[in-house]
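Listed below, chain by chain, are the residues.
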Amino acid sequence: MRFFFGCGLSAFLGAMLALALQDSRVVPLADAQDRNGERVARASFSLDENRSYAPTNLPALFNREGLTPEEAINVAVYEAINKSVVNINTKSTHSALLAFEVTAEGTGSGSILDKLGHIVTNYHVIADANDVIVTLHDGKQYDASFIGADPDNDVAVIRVKAPPEMLNPVALGDSSHLRVGMKCFAIGNPFGLERTLTTGSVSSVDRSLQIRNRSIKQIIQIDAAINPGNSGGPLLDTHGRLIGINTAIASKTGQSAGVGFAIPANLVARVVPELIRHGKVIRPEIGVRLLKTEKGLLVAQLQPNGPAEKAGLRGPKVSRKTGLLGGVRIDYASADIVIAVDDEEVKSQDDFLSVVEAKRPHDQVVLTVLRDGKKANVPVTLGGPNPEK
């Protein structure tokens, strides 16, 4: 009897539980209703509402596009100049063992100079190249022809025959006005990533950079990141003017370590016209060989009838002995010692050439020398071909 009573009670309780679960079934949130029959609001995300959370008490530093003044300058410089920057790809071949030829490829950057298609870059970017391919901002490629180079200053000019409307020349700035701390921009093609912008500051404006056993003076040091592929690309100021050509980095790994170097724009402005006109830089001649001493640069030899000899610069006295022990005796004690050029102190042959070669043939320089223990000034008219012809 108790068994039947227990079974009945269990069946009754099970039926009641089923009715309760059916009445409280789980439904989508959108269909749920409260006890009064009112719909429960859906939990949702509103983009417009989210934007209203933006701070409203910040200073008015942004323009209409939401850019800070610094960001606006970065964007403006890039948008104005990136079409003036080209990607340069080179191919060169050289003989290897067993007379096999090995092909090497290289990349670099360059800046468009004019509507005629002249492009300035580093000499080391295109040196020894058999083929030079230039890619413009629209992705079109052109074969480039060699125009001229100045290896001592690592500057070269190439040319492409592209439609003038596709060529956007860069404006040259004045690198003599640069000051440490000024903002700068580098645009180039590091690792083949075309027209990449990096920003930084001018770290120094009077560095020397050793290239091909010669030093380039007044090199610009920057901390903007430049990497392989940036060589030959422009260094720009906040006005979008070219103030240098990125040329080298100081790195133990071959990648940017925050120390980069650029050839100053004023050197580029002096060299490029001669490269376009003559294919090379026509440097003045002075006709003297110097030896470095503790007192200065000793005049070791004068070119016969050269500019320095004509100006009265004194070299060593040379005398010949006769007899069995005859020979040539050179007395350096009578030679002039050069200590300055145009009031600029020179301590090495490189210093001397840097000052003289910044001049043009037929310009005059004043050499300050030590002669018989006293200072003397010797005006010298530089020789060399007329660069205007």
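The preceding data block contains the structure.
Because the structure is a prediction, the values reported are computed rather than measured. (Residues numbered from 1 in each chain as written. Predicted model: local features only at pLDDT ≥ 70, side-chain atom pairs only at ≥ 80, totals over all residues. Heavy atoms only, no water.)

**Student:** Mind showing me how you'd approach the environment of Arg 314 here?
**Tutor:** Among the secondary structure elements, Arg 314 is positioned in the loop between helix H6 (307-311) and strand E15 (317-321). The exposure class of Arg 314 is partly exposed, given its relative accessible area of 38%. Spatially, the C-alpha atom of Arg 314 lies 8.9 Å from that of Ile 337, the residues being 23 residues apart in sequence. Residues in contact with Arg 314, not counting those within four places in the same chain, are Val 299, Leu 302, Ser 334, Ala 335, Asp 336, Arg 371 and Asp 372. (Helix = DSSP H or I, 4+ residues; strand = E, 2+ residues; numbered from the N terminus. Buried < 20%, exposed > 50% of the residue type's maximum accessible area, 1.4 Å probe, protein only. Contact = heavy atoms within 4.5 Å.)

**Student:** Would you explain the pattern of salt bridges in this entry?
**Tutor:** Working definition: two side chains of opposite charge can pair if their charged atoms are close together. Counting across every chain of the model gives nine salt bridges. The residue Lys 183 makes a salt bridge to Glu 70 at a minimum N-O spacing of 3.2 Å. Of this pair, Lys 183 sits in strand E7 (residues 183-188) while Glu 70 sits in helix H3 (residues 69-81); the two residues are 113 residues apart in sequence, bridging distant segments of the chain. Since its relative accessible area comes to 24%, Lys 183 is described here as partly exposed. Using a relative accessible area of 49% as the deciding quantity, one classes Glu 70 as partly exposed. Glu 274 serves as the salt-bridge partner of Arg 360, at 3.8 Å between the closest nitrogen and oxygen. Of the two residues, Arg 360 sits in the loop between helix H7 (349-356) and strand E19 (364-371) while Glu 274 sits in helix H5 (residues 265-278), which places them 86 residues apart along the sequence. Assessed through its relative accessible area of 34%, Arg 360 is described here as partly exposed. (Salt bridge = Lys/Arg side-chain N within 4 Å of Asp/Glu carboxyl O.)

**Student:** Even after reading the chapter, I still don't get the sheet that holds E7, so can you show me in this structure?
**Tutor:** Within a sheet, neighbouring strands are paired by backbone hydrogen bonds and run either parallel or antiparallel to one another. An order of E7-E8-E9-E12-E11-E10 is seen for the six strands of this closed barrel, with the pairing classed as antiparallel. Within this sheet the neighbouring strands show an average axis-to-axis angle of 50 degrees, counted without direction. (Pairing = 2+ DSSP bridges. Axes fitted to C-alpha atoms, helices over the stretch in contact; angles between N-to-C directions.)

**Student:** It is not clear to me how the sheet that holds strand E5 (residues 141-150) should be interpreted in this structure. Could you clarify?
**Tutor:** Pairing in this closed barrel of six strands is antiparallel, and the strands run E1-E2-E3-E6-E5-E4 around the ring. Strand after strand, the sheet turns through a mean of 40 degrees between neighbouring axes, direction not considered. Note: strand E1 (residues 85-95) against strand E4 (residues 131-135), five bridges, orientation antiparallel. Looking at E4, one finds that Lys 91 is bridged to Asp 131. The sheet strands contacting H5 are strand E3 (118-121), E5 and strand E6 (155-160), and the helix crosses E6 at an angle near 50 degrees.

**Student:** Explanation requested: unusual backbone geometry in the structure shown.
**Tutor:** Glycine aside, the phi torsion of most residues is negative, and most peptide linkages are trans. The backbone of Asp 342 sits at a positive phi, close to 50 degrees, despite the residue not being glycine. Secondary-structure assignment places Asp 342 in the loop between strand E17 (337-341) and strand E18 (344-345). With phi around 65 degrees, Asp 343 is a residue other than glycine that occupies positive phi space. Positionally, Asp 343 belongs in the loop between E17 and E18. A relative accessible area of 74% places Asp 343 in the exposed class.

**Student:** Would you explain the pairing of E5 in this entry?
**Tutor:** Note on strand geometry: in a regular strand, side chains alternate between the two faces of the sheet. The pairing of E4 with E5 spans three bridges and is classified as antiparallel. In the strand pairing of E5, Val 134 is matched with Tyr 142. Linking E4 back to E5 in an antiparallel pair, the connection comprises five residues, with Gly 139 at a positive phi of about 90 degrees. In this sheet, E6 lies alongside E5 in antiparallel orientation, the contact comprising six bridges. Each residue of the ladder has a partner; that of Ala 144, found in E6, is Val 160.

**Student:** Teacher, can you tell me more about H7 here?
**Tutor:** Since the α-helix turns once every 3.6 residues, residues separated by three or four places project in the same direction. For H7, every residue scored as buried is listed here: Asp 350, Asp 351, Phe 352, Val 355 and Val 356. Those residues of H7 that are buried are in contact with strand E9 (214-222), strand E13 (288-292), strand E14 (297-302), E17, E18 and E19.

**Student:** Teacher, can you tell me more about H5 here?
**Tutor:** Taking 1.5 Å per residue as the helical rise, H5 with its 14 residues ought to reach 20 Å, and the 20 Å between its terminal C-alpha atoms agrees with that figure. By the largest-angle criterion, Val 271 marks the main kink of H5, which is about 25 degrees, and a proline, Pro 273, follows within four residues. Restricting attention to buried positions, one finds in H5 the residues Ala 265, Leu 267, Val 268, Val 271, Val 272, Glu 274 and Leu 275. As for H5, its buried residues are in contact with E3, E5, E6, E9, strand E11 (242-249) and strand E12 (260-264). Looking one or two residues past H5, Gly 279 carries a phi angle of roughly 85 degrees, positive in sign. (Expected span 1.5 Å × (residues − 1). Bend = angle between axes of the 7 residues up to and from the residue.)

**Student:** Can you help me understand the nonpolar core in this one?
**Tutor:** A general trend in soluble globular proteins is that nonpolar side chains are found buried together. Membership of the largest hydrophobic core comes to 20 residues, with the highest contact counts inside it found for Ile 286, Val 288, Leu 313, Val 338, Val 341, Phe 352 and Leu 367. Those elements that place two or more of their residues in this core are E13, E14, E17, H7, E19 and strand E20 (374-381). Contact partners of Val 341, with chain neighbours within four places excluded, come to Val 346, Phe 352, Val 355, Val 356, Val 365, Val 366 and Leu 367. Ranked by size, the runner-up nonpolar core spans 18 residues in total, among them Ile 112, Ile 119, Tyr 142 and Ala 162. (Core = buried A, V, L, I, M, F, W, Y, C linked by side-chain atoms within 4.5 Å.)

**Student:** Sorry, what's going on with the side chain of Asn 87 here?
**Tutor:** With respect to the helices and strands, Asn 87 occurs in strand E1. When sequence neighbours within four positions are dropped, the list of residues in contact with Asn 87 reads Gly 108, Ile 133, Val 134, Thr 135, Asn 189 and Glu 194.

**Student:** Even after reading the chapter, I still don't get a nonpolar patch on the surface, so can you show me in this structure?
**Tutor:** On the surface, Leu 291, Val 318, Val 328, Ile 330 and Tyr 332 cluster together into a nonpolar patch covering about 420 Å² of accessible area. Mapped onto the fold, Tyr 332 is located in the loop between strand E16 (327-331) and E17. Relative accessible area serves as the criterion here: at 35%, Tyr 332 is assigned to the partly exposed category. (Patch = residues over 30% accessible without salt bridge, like charges linked within 9 Å, V, L, I, M, F, W, Y side chains within 5 Å. Areas by Shrake-Rupley, 256 points an atom, 1.4 Å probe, with all protein chains shown as cover.)

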